[in-house]
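Residues per chain are reported as follows:
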Amino acid sequence: MISSQRAELKSEIMAMPSWLRRPIGKASEISTVQRIIKQRQIHTICEEGRCPNRGECYAQKTATFLLMGPTCTRSCAFCQVDKGHAPMPLDLEEPEKVAQAVQLLGLRYVVLTSVARDDLPDQGAGHFVKTIATIRQLNPETQIEVLTPDFWGGAGVGESGQRQRIAMIVKAKPACFNHNIETVQRLTGPVRRGAKYDRSLLVLATVKEIDSTIPTKSGLMLGHGETVDEVIEAMAHLRAVGCDRLTIGQYMRPSLEHLPVQKYWTPEEFDRLGRLAWEMGFNHVRSGPLVRSSYHAGE
């Protein structure tokens, strides 16, 4: 790293407000999870995304597993996950490895997410289903939430292919089906390269059309230059497709190669948005600077 980059990084760290600084939790709990996932060559978004809440979640017997490898076929400008080269072949033993890790860690609530795998014929939907089934075989009391990509592309391009893939997962009856719109409509292009705002809303709408009993969830990260009115509009769009649960958190730049933070929203602003979300009809809301998609998911 050259001196100008070091200076820029130091400046950003110094500019970070106090409410975004927190201890990551007990080192023993974090190292236990890290050891178990490393031994099995599996991944969690908690570690790959350097989530600030991972220690708290591990202590509450909750974790988010990252399926289908650590390399994404998309190139979103906000995301810490590796991208930019061909992903590895699927590990057909991964469902069993994840199920064993859930058992060893005694997890009560598990979130399964994945990188986008546009290279696969079914975009990885079948791998989600197999992992859900395998976890349940070893851990019948563990609840499983999914946080999926949009399943758009590959074989069966378009809405029909997307619907088929979503239906596969809905049939597996997850405790919650989460798909993040991430940002407001105006900023989707520069922030979520390869994704489309309406396409993401369609994921949530399709889940409800197939099985209205499954709770749906989405998340927004603030700090890309959105306005309050745009955030409220995005929340209204989510409610219009029946989205039940919402998370709102602060975007924090993972590196100088990612989009810079345009604004640090205050805890008071997050509280106001959270109250408004409840008023709009969401039945589970988490809104705060350090909130992430799976924060307090087990509640």
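Residues numbered from 1 in each chain as written. Predicted model: local features only at pLDDT ≥ 70, side-chain atom pairs only at ≥ 80, totals over all residues. Heavy atoms only, no water.

Per an unreviewed UniProt entry, the protein goes by the name Lipoyl synthase and belongs to Nostoc cf. edaphicum LEGE 07299. Per UniProt, the comment on the protein under Pathway (unreviewed entry) is "Protein modification; protein lipoylation via endogenous pathway; protein N(6)-(lipoyl)lysine from octanoyl-[acyl-carrier-protein]: step 2/2." (UniProt positions renumbered as here; feature names shortened; annotations may be inferred.)

A. Structural context of the pairing of strand E5 (residues 109–114). A large share of E5 lies buried, amounting to six of its six residues. Across the two faces of E5 the burial is the same, with Tyr 109, Val 111 and Thr 113 and Val 110, Leu 112 and Ser 114 all buried. As paired strands, strand E2 (residues 62–67) and E5 are joined by six bridges and run parallel to one another. Counterpart to Leu 67 in the pairing with E5 is Ser 114. The pairing of E5 with strand E6 (residues 143–147) spans five bridges and is classified as parallel. When the sheet's bridge partners are listed, Val 111 is paired in E6 with Glu 145. (Buried < 20%, exposed > 50% of the residue type's maximum accessible area, 1.4 Å probe, protein only. Helix = DSSP H or I, 4+ residues; strand = E, 2+ residues; numbered from the N terminus. Pairing = 2+ DSSP bridges.)

B. Structural detail: the environment of Ala 172. Considering the arrangement of structural elements, one finds Ala 172 in the loop between helix H7 (159–171) and strand E7 (176–178). Classification of Ala 172 as buried rests on a relative accessible area of 14%. It is 7.3 Å that separates the C-alpha atoms of Ala 172 and Ile 132, two residues lying 40 residues apart in sequence. For Ala 172, the residues in contact, after removing those within four places along its chain, are Ile 132 and Arg 136. (Contact = heavy atoms within 4.5 Å.)

C. Layout of the UniProt feature "binding site: [4Fe-4S] cluster 1" (unreviewed entry) in the protein. What UniProt calls "binding site: [4Fe-4S] cluster 1" (unreviewed entry) maps, in this numbering, to Cys 46, Cys 51, Cys 57 and Ser 294. Its location among the elements puts Ser 294 in the segment after strand E10 (284–287). Setting aside chain neighbours within four positions, we find Ser 294 in contact with Thr 64, Val 111 and Lys 217.

D. A look at the sheet that holds strand E8 (residues 216–222). Reading across from one edge, E1-E2-E5-E6-E7-E8-E9-E10 is the order of the eight strands in this open sheet, with mixed pairing throughout. In the strand order of this sheet, the two ends are held by strand E1 (43–44) and E10, each with one partner. Alignment of strand E9 (residues 245–250) against E10, held across four bridges, turns out to be parallel. Following the sheet pairing, Leu 246 is matched in E10 by Val 285. Sheet strands touched by helix H9 (residues 197–210): E7 and E8. Its angle to E8, the strand with the most contacts, is close to 165°. The strands touched by helix H10 (residues 228–240) within the sheet are E8 and E9, with E8 carrying the most contacts at an inclination of about 170°. (Axes fitted to C-alpha atoms, helices over the stretch in contact; angles between N-to-C directions.)

E. Representation of the state of the cysteines within the structure. Taken as a whole and judged by the stated rule, the model has zero disulfides. As a non-bridged cysteine, Cys 176 has Cys 243 as the owner of its nearest cysteine sulfur, 8.1 Å distant. (Disulfide = S-S within 2.5 Å.)

F. Highlighting the packing of H9 against H10. Relative to each other, H9 and H10 sit at 40°, their axes nearing to 9 Å. Across from Tyr 197, Leu 201 and Leu 204 in H9, the residues of H10 making contact are Ala 234, His 237 and Leu 238. Across the contact of H9 with H10, the residue classes tally to five nonpolar, one polar and no charged. (Nonpolar A, V, L, I, M, F, W, Y, C, P; charged D, E, K, R; others polar.)

G. Structural context of the packing of helix H6 (residues 125–138) against H7. Relative orientation of the contacting elements H6 and H7 amounts to 0°, with a least axis distance of 9 Å. One finds that H6 runs roughly parallel with respect to H7. The segment H6 lies against H7, with Ala 125, Gly 126, Phe 128 and Val 129 engaging Arg 165, Met 168 and Ile 169. Its residues assigned to classes, the contact of H6 with H7 shows five nonpolar, one polar and one charged. (Parallel < 35°, antiparallel > 145°, perpendicular 65-115°, else oblique.)

H. Structural view of the packing of aromatic side chains. In this structure the tally under the stated criterion is one aromatic pair. Note on Phe 128 and Phe 151: the rings are 6.1 Å apart at their centroids and 85° apart in plane angle, and the pair reads as edge-to-face. With Phe 128 in helix H6 and Phe 151 in the loop between E6 and H7, this residue pair connects regions lying 23 residues apart in the sequence. Accessibility expressed as a relative area gives 0% for Phe 128, which makes it buried. According to the relative accessible area criterion, Phe 151 is buried, its value standing at 1%. (Phe/Tyr/Trp six-rings, centres within 6.5 Å; stacked < 30°, edge-to-face > 60°.)

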